[in-house]
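# Reading the structure
Chain residues, written in single-letter form:
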Amino acid sequence: MTMTLIDAGVNLCNAQFDKDREAVLARAKAANISNLLLIGTELAQSKQALDDANRYGFFSTAGIHPHYAVDAADNFITELTTLLQQPNCKAVGECGLDYNRDFSPRDIQREVFAKQLTLANTLDLPAYIHERDASDDLYHLVKEHNTTGVVHCFTGNKTALTRYLDLGLYIGITGWVCDERRGLELQQLIQYIPNDRLLIETDAPFLIPRNIKPKPKLHRNEPAYLPYICQMIASLKQTDAQTIALHTQQNTERLFRLTTRQ
């Protein structure tokens, strides 16, 4: 049986793909990546992500990343609503809190995030959530709004993981889990993520899996490398990659209400 995968997080609009975007997508297809969720992190990029989703037959998100919360336009909810009402735009985000880099003041991050959680509830859509060093505030905001969604690129501790699972959230795992330096804690936590709450994503062009052999000459992540993440998770869960592929595909389709590309 051929293993097919869905990449639940790709920054296809990133400038690193400008010279070879078509080739990147061709390699993804050759690697049996059946679908991509294209991430929007601010209004202009969210519009581009939707345009690309429509052009290539994928799906997208629309939102304001916490890094850009301080620059959010007064009418950003109206603008996001217009995008999110399009058939191929499937989640509110990337939104959330980032107390690691603090590119936006924390009170503004919380305000912009809360508005997007309200929007997700209004439109009956999941939230695509970013969190760094902010698990307490994020947990309480999501709990207050009772919003469904995924904590994208999870890198937190066991306490954060347990609380997110208790809220009914899905957990997105990236190539961070393949990093023998930074990913050790995450590797130990994989066993605690139920198969029916697990998503896998490259977050390309970032976080290239470090278990790729031979290592690519171009140190840039892309969707074709998603199988390396799947295989690492399968190894940590002591199961086969096909099982992880099947569960994560079903989970992604269920959460975002996707139809897999043919």
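Check the entry above for the structure.
What counts and what doesn't
Residues numbered from 1 in each chain as written. Predicted model: local features only at pLDDT ≥ 70, side-chain atom pairs only at ≥ 80, totals over all residues. Heavy atoms only, no water. Phe/Tyr/Trp six-rings, centres within 6.5 Å; stacked < 30°, edge-to-face > 60°. Helix = DSSP H or I, 4+ residues; strand = E, 2+ residues; numbered from the N terminus. Buried < 20%, exposed > 50% of the residue type's maximum accessible area, 1.4 Å probe, protein only. Lys NZ or Arg CZ within 6 Å of the ring centre and 35° of its normal. Axes fitted to C-alpha atoms, helices over the stretch in contact; angles between N-to-C directions. Left-handed = near helix turned anticlockwise from the far one by under 90°. Contact = heavy atoms within 4.5 Å. Nonpolar A, V, L, I, M, F, W, Y, C, P; charged D, E, K, R; others polar. Disulfide = S-S within 2.5 Å. Pairing = 2+ DSSP bridges. Salt bridge = Lys/Arg side-chain N within 4 Å of Asp/Glu carboxyl O.

What follows is about the packing of aromatic side chains. A complete count under the given rule lists 4 aromatic pairs for this structure. Measuring from ring centre to ring centre gives 6.2 Å for F154 and Y164, while their planes differ by 85°; the resulting arrangement is edge-to-face. Here the residue F154 occupies a position in the loop between β6 (149-151) and α6 (158-166), and Y164 occupies one in helix α6, the gap between them amounting to 10 residues. The same class applies to F154 and to Y164, which are both buried. With a centroid separation of 6.4 Å and 70° between ring planes, the pair formed by Y225 and Y228 is classed as edge-to-face. Against the face of Y56 rests R55, its NZ or CZ located 5.8 Å from the ring centre.

Let us look at the packing of helix α3 (residues 76-84) against helix α4 (residues 106-123). One can describe the packing of α3 onto α4 by two numbers: an axis separation of 11 Å at closest approach and a directional angle of 35°. Here α3 runs over α4; the crossing is right-handed. Counted together, F76, I77, L80, T81 and L84 of α3 and V112, K115, Q116, L119 and L123 of α4 form the full contact between these two elements. In terms of residue class, the contact of α3 with α4 is made up of 7 nonpolar, 2 polar and 1 charged.

Tallied over the full model, the rule gives 0 disulfides. There is no disulfide at C153, and the cysteine sulfur nearest it, in C178, is 12 Å away. The class of C153 is buried, set by a relative accessible area of 1%. As a non-bridged cysteine, C230 has C178 as the owner of its nearest cysteine sulfur, 10 Å distant. For C230, a relative accessible area of 0% translates into the label buried.

Here the focus is the environment of L117. Within the secondary structure, L117 is located in helix α4. Residues L117 and R182, spaced 65 residues apart in sequence, show a C-alpha to C-alpha distance of 30 Å. Apart from the residues within four sequence positions on either side, L117 is in contact with A127, L141, V142, H145 and T147.

Attention now goes to the sheet that holds strand β3 (residues 59-62). The strands making up a sheet are joined through hydrogen bonds of the backbone, oriented either antiparallel or parallel. Spatially, 8 strands are ordered β1-β2-β3-β4-β5-β6-β7-β8 in an open sheet, and the strand pairing comes out parallel. If you trace the sheet from one side to the other, it starts and ends with β1 (5-10) and β8 (198-200), each paired once. Adjacent strand axes in the sheet meet at a mean angle of 30°, parallel and antiparallel pairs treated alike. Judged from the 2 bridges that link them, β6 and strand β7 (residues 170-173) form a sheet pairing that is parallel.

Before going further, it helps to examine the pattern of salt bridges. The final tally for this structure, using the stated rule, is 16 salt bridges. Among the salt bridges present, the one from D18 reaches R21, with a minimum N-O distance of 2.7 Å. The salt bridge partner of E222 is R220, with a shortest N-O separation of 3.3 Å. For the pair shown, E222 and R220 are each scored as buried. One salt-bridge network, in which partners are shared between bridges, spans D179, E180, R181, R182 and R210.

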